Amino acid sequence: MAGVKGRVVVITGAGGGLGRQHALLFAQQGARVVVNDLGGDREGSGFGSDMADAVVSEITRAGGEAIANYDNVATVEGGADVVSTALDAFGQVDVVVNNAGILRDKSFHKMAPEQWDAVLRVHLYGTFNVTRAAWPHMREQQYGRVVVTTSTSGLFGNFGQANYGAAKMGMVGLINTLAVEGARSNITANAVAPLANTRMTADVIPDDARLDLDPAYVSPMVVYLCSEECTDTGAIMMASGGHYARIAYMQAQGVQFDHVPSVEEIALSWEEISDLTDSAPGRNPLA
């Protein structure tokens, strides 16, 4: 299969954890990789080039092609510079894997606006900034693959992660629209919800559940979604410790009224409105 051989792949947050594994596998499969990492801690503080440089060294020592980038994707300029690095080094950009992330966990009633903003700026705004910079090049060449790293914390909720969950769910909303708008240009947009043993999950996953959560399990799913052969778009795929599954939002059959119902009628029909028996994937009636 053609896969990703020869493609130019931008991976954000690729200095460690999931991003590092993605970068190594993309390179192993013949892609040319831009390894972006700000080099900070998991709360987004600090800066350094060592993490990205180390991954680039791993790739080049194994005979692959890679270049490091240290820009902050949370800014418009940073996102543009990440893509410029790909264009300057390799002349094109075919794939964007939005993986960069930070944590500022706090229960909602204690969450400060700065904690909310910081997480959304890296995860959601970062995804927008990098993808927006790559989008015109993908449209012009009539080919592109976009993957975002969502989370079950966004899809299903998790205590103390209102900011993180909102950002991760926002990324799903983004790829839903990118899937629609990119279809005519052979651009796909998908989301991966991983569960892996990384520094981001060091105190989130219980110790007895960490043994089989090597981040290497997630990367084959990401690489396949970015391959020429995969034309699925707008999908949410879970990847965790060797288990892979599609996640979808379902719509019940519901109840159709031929008049504006009263509150009492809604109450009386509630069980039928809510019954997911024979449900089907939801859709936007306006799309």
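Reference entry: report on the structure contained in this document. (Residues numbered from 1 in each chain as written. Predicted model: local features only at pLDDT ≥ 70, side-chain atom pairs only at ≥ 80, totals over all residues. Heavy atoms only, no water.)

Right, let's get into the overall build of the chain. Looking only at helices and strands, one finds nine helices and ten strands in the chain. In terms of overall dimensions, the chain is globule-like: its C-alpha atoms have a radius of gyration of 20 Å, near the 19 Å expected for 287 residues. Dimensions along the principal axes, computed over C-alpha positions, put the chain at roughly 70 × 45 × 35 Å. Out of the 287 residues in the chain, the part that is buried amounts to 45%. Taking the contacts inside the chain whose residues are at least 6 apart along the sequence as the reference set, 70% of them involve residues at least 24 apart. (Helix = DSSP H or I, 4+ residues; strand = E, 2+ residues; numbered from the N terminus. Rg over C-alpha atoms; globule rule 2.2 N^0.38 Å. Buried < 20%, exposed > 50% of the residue type's maximum accessible area, 1.4 Å probe, protein only. Contact = heavy atoms within 4.5 Å.)

In this description, a pair of aromatic rings is defined by centroid distance and the angle of the planes. Applying the stated criterion across every chain, the model contains zero aromatic pairs. Directly above the aromatic system of Y143 lies the positively charged group of R7, at a separation of 3.8 Å from the ring centroid. Of note, R121 hangs over the ring of Y125, and the distance from its end group to the ring centre comes to 5.2 Å. (Phe/Tyr/Trp six-rings, centres within 6.5 Å; stacked < 30°, edge-to-face > 60°. Lys NZ or Arg CZ within 6 Å of the ring centre and 35° of its normal.)

A cluster of acidic residues, E271, E272, D275 and D278, forms a negative patch at the surface. Within the secondary structure, D278 is located in the loop between α9 (270-274) and β10 (280-281). (Patch = residues over 30% accessible without salt bridge, like charges linked within 9 Å, V, L, I, M, F, W, Y side chains within 5 Å. Areas by Shrake-Rupley, 256 points an atom, 1.4 Å probe, with all protein chains shown as cover. Salt bridge = Lys/Arg side-chain N within 4 Å of Asp/Glu carboxyl O. Lys, Arg positive; Asp, Glu negative; His and termini not counted. Charge placed at Lys NZ, Arg CZ, Asp CG, Glu CD.)

With respect to the helices and strands, S151 occurs in the loop between β5 (144-149) and α5 (152-155). Using a relative accessible area of 6% as the deciding quantity, one classes S151 as buried. Ignoring sequence-local partners within four residues, the contact set of S151 consists of Y164, K168 and A193.

What follows concerns the pattern of salt bridges. On inspection of all chains with the given rule, the structure shows three salt bridges. One salt bridge connects D94 with R7, and the closest N-O pair in it is separated by 3.5 Å. In this pair, D94 sits in the loop between α3 (76-90) and β4 (95-98) while R7 sits in the segment before β1 (8-11), placing the two residues 87 residues apart along the sequence. As far as the burial class goes, D94 and R7 line up, both buried. A salt bridge links E58 to R20, with the nearest nitrogen and oxygen atoms 2.9 Å apart. In this pair, E58 is assigned in helix α2 (residues 50-61) and R20 in helix α1 (residues 17-28), connecting sequence segments 38 residues apart.

Axis separation between α1 and α2 bottoms out at 10 Å; the angle between their running directions is 25°. Classified by the angle between their axes, α1 and α2 sit roughly parallel to one another. Here α1 runs over α2; the crossing is right-handed. Two secondary-structure elements touch here, α1 through R20, A23, L24 and A27 and α2 through V55, E58 and I59. Looking at the contact of α1 with α2, its residues break down into five nonpolar, no polar and two charged. (Axes fitted to C-alpha atoms, helices over the stretch in contact; angles between N-to-C directions. Parallel < 35°, antiparallel > 145°, perpendicular 65-115°, else oblique. Left-handed = near helix turned anticlockwise from the far one by under 90°. Nonpolar A, V, L, I, M, F, W, Y, C, P; charged D, E, K, R; others polar.)

Here we take up the nonpolar core. Among the nonpolar cores identified, the biggest contains 38 residues, and V10, V93, V96 and V146 are the most heavily contacted of them. Secondary-structure elements contributing two or more residues to this core are β1, α3, α4 (113-141), β5, α6 (162-182) and β6 (187-195). A total of nine residues in this core trace back to one element, the largest contributor, which is α4. Those residues in contact with V10 that sit more than four places away from it in its chain are V34, V82, A86, V93, V95, V96, V97 and V130. Formed by 32 residues, the second largest nonpolar core is a distinct cluster that contains V4, I11, F26 and A239. (Core = buried A, V, L, I, M, F, W, Y, C linked by side-chain atoms within 4.5 Å.)

Take α2 next. Here α2 spans 16 Å end to end across twelve residues, near enough to the 16 Å set by a 1.5 Å rise per residue. Every buried residue of α2 is listed here: A52, V55, V56 and I59. On an axial view of α2, the arc spanned by its buried residues comes to 100°, and they lie on one face. Opposite the packed face of α2, turned more than 90 degrees from it, sit the exposed residues D50 and R61. G63 sits one or two residues past α2 and shows a positive phi near 95°. (Expected span 1.5 Å × (residues − 1). Arc of directions from axis to C-beta.)

On to the packing of α3 against α4. In helix packing, the relevant descriptors are the interaxial angle and the interaxial distance, both defined with respect to the helix axes. With their axes 7 Å apart at the nearest point, α3 and α4 run at an angle of 45° to one another. Taken together, the axes of α3 and α4 lie oblique to each other. Regarding α3 and α4, the two cross each other, and that crossing is right-handed. Contact residues: α3 offers V76, G79, A80, V83 and L87, while α4 offers N129, V130, R132, A133, A134 and H137.

Under the definition given, this model contains zero disulfides. C226 forms no disulfide, and the closest cysteine sulfur to it belongs to C230, at a distance of 8.5 Å. (Disulfide = S-S within 2.5 Å.)

As far as function goes, none of this settles anything; it's purely spatial.
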